[in-house]
Amino acid sequence: MGLPVGRPGPGCRAAILGVPFDCGTHAFRVGARQGPAAVRRQSGLIRRFHPSLADVDVLSLLGAVDCGNVALTPGRIDDALPRIEAAAGAILDAGAVPVGIGGDGSVSLALMRAAGRRYPGLVALHIDSHTDAYPYEPDDRYNAATQFTNAAEEGWVDASRSWHVGVRGFTYCSGVLDHAAHLGFRVVTAETLLRRGFAQTMAEFRSTVGERPVYLCWDMDVFDPSVAPGVCTPTWGGLTAREGIELIRSLSGLNIVAMDFNTVSPPQDVNDMAAHLCAHMIMEAMLLLARQHELIPDAI
């Protein structure tokens, strides 16, 4: 989006952090490690002004910067997680909100660790077609389906107030929703979300978390493959682009302290559709942060 490259300094309230990592173990789609580069390329199409919402340059108001990518090797998760956590921690210590670009979903654990160390009582709002709170085998604890299991067990998030929103579709094993509930998470399926509506559902979430710090994790496969084909695990019956934008705009009033947008997988993308939509969603998130800091009024 034309942001200055560098580390967050005084007055910086948001910082982009590329996390070019995937576990390399997906049965069919490996390539989310290329996500940050693709999203950055497509972000050149994003314009800074929105006349009906915020006819000002919110990126400049936030003092946002692009911190570049974490230096890591895809597939080496034991090495990658502490590197990602350290990079996000440096952004948080500077007083800015890290906006991670994945990478597959495994990167969210490191980002939640960084936020959880600095914000006790952290609550997760996970927008995804999957819970990513699956049980794990002893020799495969850390992967792109277990990050929320680990975040809950390690105590980085308050699972009793954390939600998985948009869950739908088929799974590889049974008992997935029961396992998430056992950990304490609440699961809002896509069917429930669309039936109740975004505003009502998110109003209930706001009343549940109050002023507590929130980690926003947005998996791009919450969108339908017709609008975001290049994701790690496409699942039919997802949100349209318009619905996803409406959903993220309904998150005003939360105390968001860190976030990530993940699972864009360029080798499977079509005309960079998922990467472009992800860049747009990051811009929508910047509007959220600007409202949170009272730099612009609430959405119309």
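Our structure's up above, just so we're on the same page.
Basis of the calculations
- Residues numbered from 1 in each chain as written.
- Predicted model: local features only at pLDDT ≥ 70, side-chain atom pairs only at ≥ 80, totals over all residues.
- Heavy atoms only, no water.
- Helix = DSSP H or I, 4+ residues; strand = E, 2+ residues; numbered from the N terminus.
- Rg over C-alpha atoms; globule rule 2.2 N^0.38 Å.
- Buried < 20%, exposed > 50% of the residue type's maximum accessible area, 1.4 Å probe, protein only.
- Contact = heavy atoms within 4.5 Å.
- Areas by Shrake-Rupley, 256 points an atom, 1.4 Å probe, with all protein chains shown as cover.
- Lys, Arg positive; Asp, Glu negative; His and termini not counted.
- Charge placed at Lys NZ, Arg CZ, Asp CG, Glu CD.
- Salt bridge = Lys/Arg side-chain N within 4 Å of Asp/Glu carboxyl O.
- Phe/Tyr/Trp six-rings, centres within 6.5 Å; stacked < 30°, edge-to-face > 60°.
- Lys NZ or Arg CZ within 6 Å of the ring centre and 35° of its normal.
- Expected span 1.5 Å × (residues − 1).
- Pairing = 2+ DSSP bridges.
- Right-handed = clockwise from strand over helix to strand, strands pointing away.

Engineer: Teacher, can you tell me more about the overall build of the protein chain here?
Structural biologist: Of the regular secondary structure elements, the protein chain holds 10 helices and 8 strands. Relative to the globule expectation of 19 Å for 300 residues, the C-alpha radius of gyration of the protein chain, 17 Å, shows essentially globular dimensions. Residues counted as buried form 56% of the 300 residues belonging to the protein chain. Long-range contacts, defined here as pairs at least 24 residues apart, represent 79% of the contacts in the protein chain between residues at least 6 apart. Surface accessibility of the protein chain: about 12,300 Å² in total, with carbon and sulfur atoms responsible for 53%. For the protein chain, the separation between the mean place of its 24 positive charges and that of its 32 negative charges on side chains is 4 Å.

Engineer: Please clarify how the pattern of salt bridges should be interpreted in this entry.
Structural biologist: Where side chains of opposite charge bring their charged atoms close, a pairing between them can arise. A complete count under the given rule lists 13 salt bridges for this structure. D66 is the partner of R40 in a salt bridge, and the nearest nitrogen-oxygen pair spans 2.8 Å. With R40 in helix α1 (residues 35-42) and D66 in strand β2 (residues 65-69), the pair connects residues that are 26 residues apart, well separated along the chain. Residue classification places R40 among the partly exposed positions, given a relative accessible area of 24%. Between R141 and E153 there is a salt bridge; the shortest N-O distance is 3.6 Å. Of this pair, R141 sits in the loop between β4 (123-127) and α5 (147-153) while E153 sits in helix α5, and the two are 12 residues apart along the sequence. Residue E153 is classed as partly exposed on the basis of its relative accessible area of 43%. Shared partners join several salt bridges into a network, and the residues in it are R113, R141, E153 and E154.

Engineer: Please explain the packing of aromatic side chains as it appears in this structure.
Structural biologist: Centre-to-centre distance and the angle between the planes together describe a pair of aromatic rings. Counted by the stated rule, this structure contains 4 aromatic pairs. Aromatic rings pair up to connect W218, F223 and F261 into one cluster. Positioned above the aromatic ring of W163 is the side chain of R186, whose terminal nitrogen or guanidinium carbon lies 4.4 Å from the ring centre.

Engineer: What am I meant to see in helix α4 (residues 107-118) here?
Structural biologist: Along an α-helix, residues three or four positions apart point the same way, because every turn accommodates 3.6 residues. Given a rise of 1.5 Å per residue, 12 residues ought to cover 16 Å, and the 18 Å separating the end C-alpha atoms of α4 matches this to within 8%. α4 sits mainly inside the fold: 10 of its 12 residues count as buried. All of the buried residues along α4 are V107, S108, L109, A110, L111, M112, R113, A114, A115 and G116.

Engineer: When you look at the pairing of strand β5 (residues 163-167) in this model, what are you seeing that I'm missing?
Structural biologist: The side chains of a regular strand alternate between the sheet's two faces. Among the 5 residues of β5, 5 are classified as buried, and the element is accordingly described as predominantly covered. As defined by bridge partners, β4 adjoins β5 across 3 bridges and the pair is classed as parallel. Residue pairing across strands places I127 opposite V165, the latter belonging to β5. The parallel pair β4 and β5 is bridged by α5, and the resulting crossover is right-handed. Pairing between β5 and strand β6 (residues 186-189): 4 bridges, direction parallel. Directly across from V165, in β6, lies its bridge partner V188.

Engineer: Hey, could you run me through the side chain of E284 in this one?
Structural biologist: Within the secondary structure, E284 sits in helix α10 (residues 273-292). Ignoring sequence-local partners within four residues, the contact set of E284 consists of I245, I248 and R249.

Engineer: Got a minute to help me understand unusual backbone geometry in this structure?
Structural biologist: In this chain, G102 is followed by G103 through a cis amide linkage whose omega measures 20°. With respect to the secondary-structure elements, G103 resides in the loop between β3 (97-102) and α4. The backbone of D132 sits at a positive phi, close to 50°, despite the residue not being glycine. Taking the relative accessible area as the measure of exposure, D132 reaches 6% and is therefore buried. Even without a glycine there, the phi angle at N271 is positive, about 55°.

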